[in-house]
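Analysis of the macromolecular model
Listed here are the chains, written in short residue letters.
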Amino acid sequence: MTMLSPVPIASTIPLSWLHEIFYAAAEEERGAGGQVAKLHVGEPYFNPPPEVADALVAAVGRGETRYTPVDGLLELRELIVAKLRTANGIDASVSRVFVTPGSCQGLASLLKAIAEPGAEILLPELHWPVHLQQALLAGLRPVFYPLGPDYRPDPEAVLAAAGPATRVLLLNSPANPSGVVMDASAVGQLLHAARSRCWRVVSDEAYEHFVFDGEHVSPASLERGLPESERIVHSTFSFSKSMAMTGYRLGYVVTADERTASTLRVVQEANIIGPSTPVQHAGIAAMRCLQAAETHGELVRANRDAVLPALVAAGLLPELPSGGWYATLDIARSGLDAETFAARLLRERRVAVVPGTGFALQPGLDGTGAVRSIEPAPWSHRLVRIAFCVGPEVLREGVQRLLDFVAECDASHV
């Protein structure tokens, strides 16, 4: 009798709606209807400083194309340590900094480095779908903590969602897809509780330079006075957003302690051997012109302030997002569910948005960690996400078409 092998766990994890809409928008644009207003993907309309490309080309020209250490070029890590100290208030050492092929890869490797058999990770119920994929691939079992009406985490609700198997808490501020920015008080409460429970905290700070209301708080900065043995916050950062280097694929991870750094070094050796050498030279140039990140932040703020108030006035958005590149709209008044809304908006108005269901998936796992069922939270069927980091005219036109579409749906109900 032939025994069938178990299904590979990775094969049970679905692609996100981000990919579905990406391909659908591209297919629509190849048709005869003209250009699509692409509000579905976080692709900035501004470019990296010219020094970045110059440095990459120069590195290739000099033959700087050989392997580097698994954790990256020392010069780049030293620049990162200086930036963390002055801009983030994080006391790091070069031995705990890892240059990664994008913060996404860094996050995935970090979760593998801290995962324990049968351990649970606390994720926000409205989350970036890649965080969920990364957790599942690392063998962590996701548990979702509830958010308030403004999508803001409440420390008491977060702790109430935890169980005896909880080992990791993921924080994302500014958040994707909501744009929520956590304040120091909430972060401090969560860190205190996590430390008392022997959890690890993973802080995704990809949008650190895009805070419009309040200020960015790096959770690891609240551990600055603690001995390394008591630190629990591992942080990830990205060049993609701050420096508009999306296609370069460059980010970095800062571990809380040397023990985790040692484990992550093994994971990275197995995964990448080492990050791209020419791209790291581009990163060195980027670290030397970080003032561009502040300029990029102001460009996205200008988009938010110029265009998104119309969505607030229409009742689709309760308030302007405090940070990040995205806004989560409530389209319940259209009478359509999120997936139908997104499909019709793309087909009829040539505007691409992402259904909110893709940011609220709740998988059911079997004993091996394979996904046996996956359904979105019921409340997510009335949400869609838009990106407001796109060109000002694209954003203005796309939002106006969306508003016209909602008005048309309203009229059809009368």
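Parameters and conventions
- Residue numbers restart at each chain and count upward from 1, following the sequence in its written direction.
- In keeping with the predicted nature of the model, local features appear solely for residues at pLDDT of at least 70, side-chain atom pairs appear and are counted solely at 80 or more, and the whole-chain, interface and lining totals rest on all residues.
- Water and hydrogen atoms were dropped before computing side-chain values, which therefore reflect all heavy atoms in the structure.
- UniProt positions are given in the numbering used here, feature names are shortened, and annotations may be inferred rather than shown by experiment.
- Between N-to-C directions, angles cover 0 to 180 degrees, with each direction set by a line fitted to C-alpha atoms, over the stretch in contact for helices.
- Numbered from the N terminus, helices here are DSSP runs of H or I no shorter than four residues, and strands are runs of E no shorter than two.
- When the near helix sits turned anticlockwise from the far one by under a right angle, the crossing is termed left-handed; a clockwise turn instead gives a right-handed crossing.
- Should any heavy atoms of two residues lie within 4.5 Å, those residues are counted as being in contact.
- Side-chain classes are defined by residue name, with Ala, Val, Leu, Ile, Met, Phe, Trp, Tyr, Cys and Pro counting as nonpolar, Asp, Glu, Lys and Arg as charged, and the others, Gly among them, as polar.
- In protein, a polar contact requires one atom able to donate a hydrogen and another able to accept it; more generally it is a pair of N or O atoms within 3.5 Å, and residues adjacent in sequence count only if both atoms are side-chain atoms.
- A pairing counts as a salt bridge when a side-chain nitrogen of Lys or Arg comes within 4 Å of a carboxyl oxygen of Asp or Glu.
- Residue burial is assigned from relative accessible area. The probe radius is 1.4 Å, only protein chains are included, and a residue is buried under 20% of its type maximum, exposed over 50%, and partly exposed in between.

Identification of the chain as Aminotransferase from Nonomuraea recticatena is taken from an unreviewed UniProt entry. According to the UniProt record, the Sequence similarities (unreviewed entry) comment for the chain reads "Belongs to the class-I pyridoxal-phosphate-dependent aminotransferase family." Looking at the Cofactor (unreviewed entry) heading of the UniProt record, one finds this comment for the chain: "pyridoxal 5'-phosphate".

1. Section: the packing of helix α4 (residues 103–114) against helix α5 (residues 129–137)
Orientation of α4 relative to α5, taken along the N-to-C sense of each, is 35°, at an axis distance of 9 Å. The two elements α4 and α5 cross, and the hand of that crossing is right-handed. Together, Cys-104, Leu-107, Ala-108 and Leu-111 of α4 and Val-130, His-131, Gln-134 and Ala-135 of α5 make up the contact between the two elements. Its residues assigned to classes, the contact of α4 with α5 shows 6 nonpolar, 2 polar and no charged.

2. Considering the side chain of Ser-240
Take Ser-240: it is sitting in helix α8 (residues 239–242). Within the structure, the side chain of Ser-240 is placed 3.1 Å from the side chain of Arg-249, a separation counted as a polar contact. In contact with Ser-240, other than residues within four places in its own chain, are Met-245, Thr-246, Arg-249, Leu-250 and Trp-325.

3. Observations concerning the pattern of salt bridges
Overall, the coordinates contain 22 salt bridges when judged by the stated rule. When the shortest N-O distance is used, the salt bridge between Arg-30 and Glu-27 registers 2.6 Å. Taken as a pair, Arg-30 and Glu-27 lie in helix α1 (residues 17–30) at a separation of 3 residues, close to a single helical turn. Ionic pairing is found between Arg-301 and Glu-298, a salt bridge with its closest N-O pair at 3.5 Å. Residue Arg-301 and its partner Glu-298 are located together in helix α11 (residues 291–307), separated by 3 residues, close to a single helical turn. With a relative accessible area of 22%, Arg-301 lands in the partly exposed category. Taking relative accessible area as the criterion, Glu-298 reaches 46% and is therefore assigned partly exposed. What you see here is one network of salt bridges that share partners, running through Asp-71, Arg-77 and Arg-265.

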